[in-house]
Amino acid sequence: MKMAKGKRSVRLRGHRLDWFVLVVVCLLGYFAYTMIDQQLHLNELNRDYVAAEQRLEAARRQNEALKETRAQLEDPAYIEKTAREELGMTHEGELPFIAKK
(Lines give C-alpha, C1' and ligand atoms only; values in the text may rest on other atoms or scores of the structure.)
Protein backbone atom coordinates (compact mmCIF):
# COMPACT_ATOMS: atom_id res chain seq x y z
CA MET A 1 0.00 0.00 0.00
CA LYS A 2 2.87 2.34 0.45
CA MET A 3 3.54 2.25 -3.25
CA ALA A 4 0.00 3.23 -4.03
CA LYS A 5 0.32 6.31 -1.84
CA GLY A 6 3.58 7.22 -3.54
CA LYS A 7 2.05 6.97 -7.00
CA ARG A 8 -0.97 8.92 -5.89
CA SER A 9 1.13 11.82 -4.57
CA VAL A 10 3.05 11.91 -7.83
CA ARG A 11 -0.19 12.11 -9.73
CA LEU A 12 -1.37 14.98 -7.55
CA ARG A 13 1.81 16.89 -8.14
CA GLY A 14 1.50 16.31 -11.86
CA HIS A 15 -2.14 17.31 -11.77
CA ARG A 16 -1.35 20.51 -9.88
CA LEU A 17 1.35 21.33 -12.36
CA ASP A 18 -1.13 20.98 -15.22
CA TRP A 19 -3.51 23.45 -13.53
CA PHE A 20 -0.65 25.89 -13.02
CA VAL A 21 0.32 25.64 -16.68
CA LEU A 22 -3.30 26.08 -17.71
CA VAL A 23 -3.65 29.22 -15.57
CA VAL A 24 -0.39 30.65 -16.94
CA VAL A 25 -1.46 29.93 -20.52
CA CYS A 26 -4.85 31.57 -19.89
CA LEU A 27 -3.19 34.64 -18.40
CA LEU A 28 -0.77 34.88 -21.31
CA GLY A 29 -3.67 34.54 -23.73
CA TYR A 30 -5.60 37.26 -21.94
CA PHE A 31 -2.63 39.63 -21.97
CA ALA A 32 -1.95 38.90 -25.65
CA TYR A 33 -5.60 39.58 -26.50
CA THR A 34 -5.52 42.82 -24.50
CA MET A 35 -2.33 44.00 -26.21
CA ILE A 36 -3.69 43.23 -29.68
CA ASP A 37 -6.99 44.96 -28.90
CA GLN A 38 -5.19 48.04 -27.60
CA GLN A 39 -2.91 48.14 -30.64
CA LEU A 40 -5.91 47.99 -32.97
CA HIS A 41 -7.55 50.81 -31.01
CA LEU A 42 -4.36 52.89 -31.18
CA ASN A 43 -4.14 52.33 -34.94
CA GLU A 44 -7.73 53.53 -35.32
CA LEU A 45 -7.01 56.61 -33.21
CA ASN A 46 -3.92 57.33 -35.30
CA ARG A 47 -5.96 57.17 -38.52
CA ASP A 48 -8.50 59.56 -37.00
CA TYR A 49 -5.69 61.89 -35.92
CA VAL A 50 -4.15 61.94 -39.41
CA ALA A 51 -7.56 62.65 -40.97
CA ALA A 52 -8.16 65.46 -38.48
CA GLU A 53 -4.74 66.96 -39.27
CA GLN A 54 -5.57 66.90 -42.99
CA ARG A 55 -8.93 68.60 -42.38
CA LEU A 56 -7.21 71.20 -40.20
CA GLU A 57 -4.62 71.91 -42.90
CA ALA A 58 -7.37 72.29 -45.53
CA ALA A 59 -9.25 74.68 -43.22
CA ARG A 60 -6.08 76.71 -42.69
CA ARG A 61 -5.51 77.00 -46.45
CA GLN A 62 -9.13 78.07 -46.95
CA ASN A 63 -8.78 80.61 -44.13
CA GLU A 64 -5.69 82.10 -45.76
CA ALA A 65 -7.49 82.34 -49.11
CA LEU A 66 -10.43 84.08 -47.45
CA LYS A 67 -8.10 86.51 -45.68
CA GLU A 68 -6.50 87.38 -49.04
CA THR A 69 -9.95 87.92 -50.58
CA ARG A 70 -10.93 90.12 -47.66
CA ALA A 71 -7.77 92.18 -48.06
CA GLN A 72 -8.54 92.61 -51.77
CA LEU A 73 -12.08 93.75 -50.98
CA GLU A 74 -10.66 96.59 -48.91
CA ASP A 75 -8.47 97.77 -51.83
CA PRO A 76 -10.21 100.53 -53.86
CA ALA A 77 -8.43 99.52 -57.08
CA TYR A 78 -9.70 95.95 -56.81
CA ILE A 79 -13.21 97.17 -56.04
CA GLU A 80 -13.16 99.42 -59.12
CA LYS A 81 -11.80 96.64 -61.32
CA THR A 82 -14.48 94.22 -60.10
CA ALA A 83 -17.23 96.80 -60.56
CA ARG A 84 -16.12 97.49 -64.13
CA GLU A 85 -15.56 93.86 -65.20
CA GLU A 86 -18.35 91.98 -63.43
CA LEU A 87 -21.03 94.64 -63.01
CA GLY A 88 -20.36 96.76 -66.11
CA MET A 89 -20.22 99.99 -64.08
CA THR A 90 -18.49 103.14 -65.32
CA HIS A 91 -17.48 106.54 -63.95
CA GLU A 92 -19.60 109.56 -64.75
CA GLY A 93 -19.05 110.69 -68.30
CA GLU A 94 -17.57 107.38 -69.46
CA LEU A 95 -19.24 105.29 -72.10
CA PRO A 96 -19.11 101.53 -71.59
CA PHE A 97 -17.36 99.54 -74.29
CA ILE A 98 -19.01 96.23 -75.09
CA ALA A 99 -17.09 93.97 -77.46
CA LYS A 100 -19.05 91.66 -79.75
CA LYS A 101 -18.10 88.03 -79.71
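Whatever comes next refers back to the structure up there.
This text gives an overview of the structure that appears in the document. (Residues numbered from 1 in each chain as written. Predicted model: local features only at pLDDT ≥ 70, side-chain atom pairs only at ≥ 80, totals over all residues. Heavy atoms only, no water.)

1. Considerations on the overall build of the protein
Item 1. A tally of regular secondary structure across the protein gives two helices and zero strands.
Item 2. A total of 101 residues make up the protein; the buried ones form 1% of that total. (Helix = DSSP H or I, 4+ residues; strand = E, 2+ residues; numbered from the N terminus. Buried < 20%, exposed > 50% of the residue type's maximum accessible area, 1.4 Å probe, protein only.)

2. Concerning a nonpolar patch on the surface
Item 1. There is a patch of nonpolar side chains on the surface, built from Phe20, Val21, Val24, Val25 and Leu28 and spanning about 460 Å² of accessible area.
Item 2. Among the secondary structure elements, Val25 is positioned in helix H1 (residues 2-73). (Patch = residues over 30% accessible without salt bridge, like charges linked within 9 Å, V, L, I, M, F, W, Y side chains within 5 Å. Areas by Shrake-Rupley, 256 points an atom, 1.4 Å probe, with all protein chains shown as cover. Salt bridge = Lys/Arg side-chain N within 4 Å of Asp/Glu carboxyl O.)

3. Describing the pattern of salt bridges
Item 1. Going through the model one piece at a time under the given rule, you end up with two salt bridges.
Item 2. Two residues, Arg84 and Glu80, come together in a salt bridge whose shortest N-O distance is 3.1 Å. Separated by four residues within a single helix, Arg84 and Glu80 lie in helix H2 (residues 76-87), roughly one turn from each other.
Item 3. We classify Arg84 as partly exposed; its relative accessible area is 33%.

4. Details of H2
Item 1. Its 12 residues place the ends of H2 15 Å apart at the C-alpha level, agreeing with the 16 Å of an ideal helix rising 1.5 Å per residue.
Item 2. Once H2 ends, the next one or two residues include Gly88, with phi positive near 70°. (Expected span 1.5 Å × (residues − 1).)

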